[in-house]
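# Reading the structure
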Amino acid sequence: MGRLDVRCEVDLPVCVIADNNGGKGITETKTRFTSLSLAGGFIEFKPPLSKNKIIGLKYDLPKHGEFEILGEILRSGEGGIATRFYNLNRDAKLKLWDYIKENITDDLSCPYCGKKNEQRFRRCDNCGWGLNFHSQDYIVEHEKEAFNNRLSLKSKSFSIEDIYRILNFVDVEILKIGKNLDINEEFVGSSKGILNVFSMIRKVAPTEIPVLITGESGTGKELTAMAIHERSQRKNKPFVTINCAAIPENLLEAELFGHEKGSFTGAHTGKIGKFEYADGGTIFLDEIGELPVGLQSKLLRFLEDKIVERIGSNGGKKIDVRLVAATNCDLKSAIAKGAFRKDLFYRLDVFNINLPPVRDRGEDKGILARYFLNKFSREMNLSKTFTPEAIDTIRSYDWPGNVREIINKVRRAVVMSKEEAITPADMELNVPKIEMDIVTSLKEVRYSIEKQKLIEAMRHCNNNISKVARVLGISRPSVYSLRKKYNI
Ligand SMILES: Nc1ncnc2c1ncn2[C@@H]1O[C@H](COP(=O)(O)OP(=O)(O)OP(=O)(O)O)[C@@H](O)[C@H]1O
Ligand SMILES: [Mg+2]
């Protein structure tokens, strides 16, 4: 491996500012650079200064004036010090390059690897570096190539987690994916699975393709839908959410498609539906697996001709919405049972984003927990941390309720913990179940039984909310809100 920067022989005066012999005060020594590159230089200096010491460097560049930068001593000896430059801003770098390029005397050999270049190639045929020093673009191209080389050298010591963290940083901080994502709430995570989700969002958002978001409850399906909208050209138009499970079946059609005055008993006025309301923007159909079969046909028709027909109207209205749908149930098995239309499924499943459960997100568990700990502590003006046991427990716990469960448990712990450091017990993790006894309050008994019955019914009905509602004798919206309450 040759050099990463062009170095040339120079004779440039420099003033070295050093904090000498600890405590004896600052000294300024006038001396000279004997060689110089964009990354550092060799300075005549005696007596030697210790390695890794940070010094100030003041030098005057002909035509450009005075510069003051920091340098770190890499080696000391042979009558001087080899330094690496710090805080060289873009302007100082460009001017330094001007000076270096004028001092390249031997342009017949490659300054990176030394190979003779009598044919004056623009790129070294041995090491591959560009040699067209007098081109306007040389320095920008060189900086990009040198960056890639430096990163490639350094990356040898990166762990796979470091790599994901860096890619996440690049996505969020440099390419600003996160900037758009966090318009509503921040999307946290650097696991492979979640980085893949970011990349899919980035790809699909600018298109008009319908998106089907799948994943367990609490994994961030709604957040993903909002992120798609915020990164699309529709971002200044409405983002309308409708939860197909939370609205009673008999009201859902009017809610989605609207109705005319007098179209059914109680329809005293006309009402526009969510589709019309979302015109120009995005409609997010959450829990699409709960859409009654009759409405599935109507939705399919809409997807084919983009015409909305209000209940009781004679004609329709063409509207322009992008559809994003989400579900936590297995639509393919719903199709097999005749509960979901196959043709609708294929219309929706053009682009599928599957959100991995938190238990498969590795270090994200800790990252999410810390993120919400800081968020709630800030909101409540408290200063809270996790004990090492709490961190271990967070990492080893499966989080069946996913991110929503992390939020609930961390929020509870921030409120409940008496000490500054939050323990596993404050989060109700790994706490042995308290046997019910006579001091158990009625509220606790009810909580425990209700949760248990809901789990049984969900299992029995294969997570089909309509069936669970029938089995338990309650409405679908009630099932939906109980699931949220108990993180099921
Ligand atoms: N990666 C994440 N970073 C930060 N917050 C997140 C992340 N994923 C989800 N959340 C938050 O967790 C909560 C649950 O997410 P969301 O409502 O999007 O999940 P969901 O998959 O739609 O759940 P459900 O199926 O129960 O409706 C929200 O408050 C959301 O902002
Ligand atoms: Mg949701």
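Note that the structure is predicted; figures quoted are calculated from it, not measured. (Residues numbered from 1 in each chain as written. Chains lettered and ligands numbered in written order. Predicted model: local features only at pLDDT ≥ 70, side-chain atom pairs only at ≥ 80, totals over all residues.)

## Digging into the overall build of the protein
As a reminder of what qualifies: Under the DSSP-based scheme used, a helix requires at least four consecutive residues in state H or I and a strand at least two consecutive residues in state E, with every element numbered from the N terminus. In this description the radius of gyration comes from C-alpha coordinates, and the expected globular size is given by 2.2 Å times residues to the power 0.38. Residues with at least 20 other C-beta atoms within 10 Å of their own are called buried, those with 12 or fewer are called exposed, and the rest are partly exposed. The C-beta atoms themselves are positioned from the backbone. Our contact criterion uses C-beta atoms placed from the backbone: two residues qualify when those atoms are within 7 Å.
The number of helices and strands found in the protein is 17 helices and 17 strands. Here the C-alpha radius of gyration of the protein, 32 Å, is well above what a compact globule of 488 residues would show, namely 23 Å. For the protein, with 488 residues in total, the buried portion stands at 31%. Look at the contacts in the protein between residues 6 or more apart in sequence, and 65% of them connect residues 24 or more apart.

## Structural notes on the site of ligand 1
Selection criterion: Each residue receives a C-beta atom built from its backbone; the residue is near a molecule or strand if that atom lies within 6 Å of it. The nonpolar class holds Ala, Val, Leu, Ile, Met, Phe, Trp, Tyr, Cys and Pro. Asp, Glu, Lys and Arg form the charged class, and all remaining residues, Gly among them, are polar. Domain delimitation follows an automatic or database domain assignment.
Neighbouring ligand 1 are 17 residues; V188, G220, K221, E222 and V403 lie closest to it. Elements supplying a minimum of two residues to the shell around ligand 1: α6 (221-230) and α14 (402-416). Across the shell around ligand 1, the residue classes tally to 5 nonpolar, 7 polar and 5 charged. Lining the shell around ligand 1 are residues from two domains, each supplying at least three of them: domain 2 (174-355) and domain 3 (358-427).

## Structural notes on the environment of L195
Mapping L195 onto the fold places it in helix α5 (residues 192-204). By C-beta crowding, L195 is classed as partly exposed, having 17 other C-beta atoms within 10 Å.

## A short note on unusual backbone geometry
Its identity as a non-glycine residue notwithstanding, K63 has a phi of 75°, on the positive side. Checked against the element boundaries, K63 lands in the loop between β4 (54-61) and β5 (65-77). Its 8 C-beta neighbours within 10 Å are what place K63 among the exposed residues. Even without a glycine there, the phi angle at E78 is positive, about 50°. Structurally, the position occupied by E78 is in the loop between β5 and β6 (80-86). Judged by C-beta crowding, with 10 C-beta atoms within 10 Å, E78 ranks as exposed.

## Here's the deal with the confidence of the model for the protein
Under the convention used in this document: For every residue, the predictor states its confidence as a pLDDT score lying anywhere from 0 to 100.
Of the residues in the protein, 93% reach a pLDDT of 70 or more, and the chain-wide mean stands at 85. Ignoring residues within four places in sequence, the model shows residues 178-184, a span with pLDDT below 50, making 11 contacts including any to other chains.

## A word on the sheet that holds strand β7 (residues 211-215)
Going by this rule: The rule for pairing is simple: two strands pair if DSSP sees at least two bridges between them. Lines fitted to C-alpha atoms define the axes, with helix axes restricted to the stretch in contact, and inter-axis angles between N-to-C directions lie between 0 and 180 degrees.
The strand order across the open sheet built from 5 strands is β8-β11-β14-β7-β15, with neighbouring strands paired in parallel fashion. Sheet topology places β8 (239-243) and β15 (351-355) at the edges, where each strand pairs with a single neighbour. Here the strands of the sheet are splayed against their neighbours by 20° on average, with no regard to which way each runs. Both β7 and β15 contribute to a ladder of 5 bridges, which runs parallel. Across the sheet, residue V211 finds its bridge partner in β15, namely F351.

## Thoughts on the domain arrangement of the protein
Each domain of the protein was delimited in the assignment, giving domain 1 (8-149), domain 2 (174-355), domain 3 (358-427) and domain 4 (442-486). Taken over C-alpha atoms, the centre of domain 1 sits 71 Å from the centre of domain 4.

## A word on helix α15 (residues 442-460)
Heads up, the rule is: Take the residue count of a helix, subtract one, and multiply by 1.5 Å to get its expected span.
For α15, spanning 19 residues, the distance from its first C-alpha to its last is 27 Å, which sits close to the expected 27 Å at 1.5 Å a residue. One or two residues past the end of α15 sits N462, with phi positive at roughly 55°.

## Topic: the environment of I455
Relative to the helices and strands, I455 is located in helix α15. Taking C-alpha positions, I455 is 9.3 Å from Y486, a pair spaced 31 residues apart along the chain.

## Quick notes on the sheet that holds strand β2 (residues 26-36)
The antiparallel closed barrel is built from 6 strands, whose spatial order is β1-β2-β3-β6-β5-β4. Adjacent strand axes in the sheet meet at a mean angle of 45°, parallel and antiparallel pairs treated alike. Note that strand β1 (residues 8-19) and β2 share 10 bridges and pair antiparallel. Within the sheet, the bridge partner assigned to P13 lies in β2 and is R32. Helix-sheet contacts for helix α1 (residues 90-102) involve β1, β2, β4 and β5, and the interaxial angle to β4 is about 60°.

## Quick notes on the packing of α5 against α6
As a reminder of what qualifies: For any helix crossing, the convention is left-handed if the near helix is rotated counterclockwise from the far helix by under a right angle, and right-handed if that rotation is clockwise.
Axis separation between α5 and α6 bottoms out at 9 Å; the angle between their running directions is 35°. Between α5 and α6 the crossing geometry is right-handed. Two secondary-structure elements touch here, α5 through V197, I201 and V204 and α6 through T224, A227 and I228.

## A word on the packing of helix α12 (residues 364-379) against α14
The following threshold applies: Orientation categories follow fixed angle ranges, with anything under 35 degrees roughly parallel, anything over 145 roughly antiparallel, 65 to 115 roughly perpendicular, and all other angles oblique.
Between α12 and α14, the least distance of the axes is 9 Å, while the angle of their chain directions is 45°. In this view, α12 runs oblique relative to α14, as classed from their interaxial angle. Here the hand of the crossing between α12 and α14 comes out right-handed. The residues of α14 that touch α12, namely those facing L368, A369, F372, L373, F376 and S377, are V403, I406, I407, V410, R411 and V414.

## Examining the environment of E143
Within the fold, E143 resides in helix α2 (residues 138-154). Sequence separation of E143 and D5 is 138 residues, and the distance between their C-alpha atoms is 9.1 Å.

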